Amino acid sequence: NLAQHLHAQPEEPSVIEFSSTAIFTALPYLPQAIGVGMARFSGADLLTQLQVGRLFNLLCYIALAAITLAILPSFRIMGAAFLFAPTALYLATSLSADPINFILPTLLLAVCWRAKLKENKITVAEQMTLALLFLTMAMLKPPYLIYCGLALIIPRERFGSIRKKITSIGLLALPAVVFAVAWNLNYPFIPGIYWQTGADPAAMIDKI
């Protein structure tokens, strides 16, 4: 039926609007895009491009998972079982954005957990790492900004005082908040438009 429908379409190309297609940034699709781009540049066919994109997504996930496990101060065996579960690896071999959406918050948790156990004053390198990971949260999904709150587990003594702790974390998260707001002002995610259901809540729930 689909083939017949496509065959009946006019030969002239037509533009069909599909709103809210840029609700995500390029970050969670970067590994796949690099793989597909390299395969396409080498002249590979479409199927090979697909497989190479999946491979790059898997390799990126494994690399970030390995970094996460290396940073984790404890429970590494449990973490490995969680990160390398069959379902997680299956998802990582797809072209989906979900593997990156999953592993980066886990990496942020590992960084904050290790920072919690240290006793010296928090270093500039640690703060820059937190700021970068905060920014990646904003580049995944806007609700992921809540993961910036993981930094609150770091003891106030490492900042000097509770006031300095809150101020520092707030300033580190500020670029992420600004980015998230700016992106969503330009590419708002309105479910009614995305699923073409209007403003009917029942219709939107049926689409989920």
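Undergrad: Explanation requested: the nonpolar core in the structure shown.
TA: Generally speaking, nonpolar side chains in soluble globular proteins are found buried as a group. In terms of nonpolar packing, the biggest core is built from 36 residues, with Ile103, Leu104, Leu108, Leu130 and Phe134 touching the most fellow members. Elements that contribute at least two residues to this core include exactly helix H3 (46–71), helix H5 (86–92), helix H6 (98–117), helix H7 (124–138) and helix H8 (162–186). The leading source of residues in this core is H6, at nine residues. Ignoring anything within four residues of it in the chain, the contact list for Leu104 reads Leu27, Leu64, Thr136, Met137 and Leu140.

Undergrad: What's the story with H7 in this structure? I'm lost.
TA: Along an α-helix, residues three or four positions apart point the same way, because every turn accommodates 3.6 residues. Taking 1.5 Å per residue, 15 residues should reach 21 Å; H7 reaches 21 Å between its end C-alpha atoms and fits that length. Here the buried face of H7 lies against H6 and H8.

Undergrad: I tried to follow a nonpolar patch on the surface on my own but got confused; where do I start?
TA: Together, Leu171, Leu174, Val177, Val178, Val181 and Leu185 make up a nonpolar patch on the protein surface, roughly 570 Å² of accessible area in all. As for its placement among the helices and strands, Val177 is situated in helix H8. Of the residues examined, Val177 reaches a relative accessible area of 37% and is grouped as partly exposed.

Undergrad: What am I meant to see in the packing of aromatic side chains here?
TA: Counted under the stated rule, the structure contains five aromatic pairs. Taking 5.5 Å as the distance between ring centres and 55 degrees as the angle between the ring planes, the aromatic pair formed by Phe82 and Phe102 counts as tilted. Residue Phe82 is found in helix H4 (residues 76–83), and its partner Phe102 is found in helix H6; the two are separated by 20 residues along the sequence. Among the residues examined, Phe102 registers a relative accessible area of 29% and is labelled partly exposed.

Undergrad: Could you clarify how one ought to interpret unusual backbone geometry in this entry?
TA: Glycine aside, the phi torsion of most residues is negative, and most peptide linkages are trans. With a phi close to 60 degrees, Phe75 is a non-glycine residue in the positive phi region. On the secondary structure map, Phe75 appears in the loop between H3 and H4. Owing to a relative accessible area of 53%, Phe75 belongs among the exposed residues under this scheme.

Undergrad: Just checking my understanding: could you explain the pattern of salt bridges for this structure?
TA: For side chains of opposite charge, pairing can occur when their charged atoms come near one another. If you walk through the whole model with that rule in mind, you get three salt bridges. Note that Lys118 and Glu126 form a salt bridge whose closest N and O atoms lie 3.4 Å from each other. The class of Lys118 is partly exposed, set by a relative accessible area of 34%. Note that Arg156 is salt-bridged to Glu157, the shortest N-O span being 3.8 Å. One connected set of salt bridges, linked through shared partners, spans Lys118, Glu126 and Arg158.

Conventions adopted
Residues numbered from 1 in each chain as written. Predicted model: local features only at pLDDT ≥ 70, side-chain atom pairs only at ≥ 80, totals over all residues. Heavy atoms only, no water. Core = buried A, V, L, I, M, F, W, Y, C linked by side-chain atoms within 4.5 Å. Buried < 20%, exposed > 50% of the residue type's maximum accessible area, 1.4 Å probe, protein only. Helix = DSSP H or I, 4+ residues; strand = E, 2+ residues; numbered from the N terminus. Contact = heavy atoms within 4.5 Å. Expected span 1.5 Å × (residues − 1). Patch = residues over 30% accessible without salt bridge, like charges linked within 9 Å, V, L, I, M, F, W, Y side chains within 5 Å. Areas by Shrake-Rupley, 256 points an atom, 1.4 Å probe, with all protein chains shown as cover. Salt bridge = Lys/Arg side-chain N within 4 Å of Asp/Glu carboxyl O. Phe/Tyr/Trp six-rings, centres within 6.5 Å; stacked < 30°, edge-to-face > 60°.

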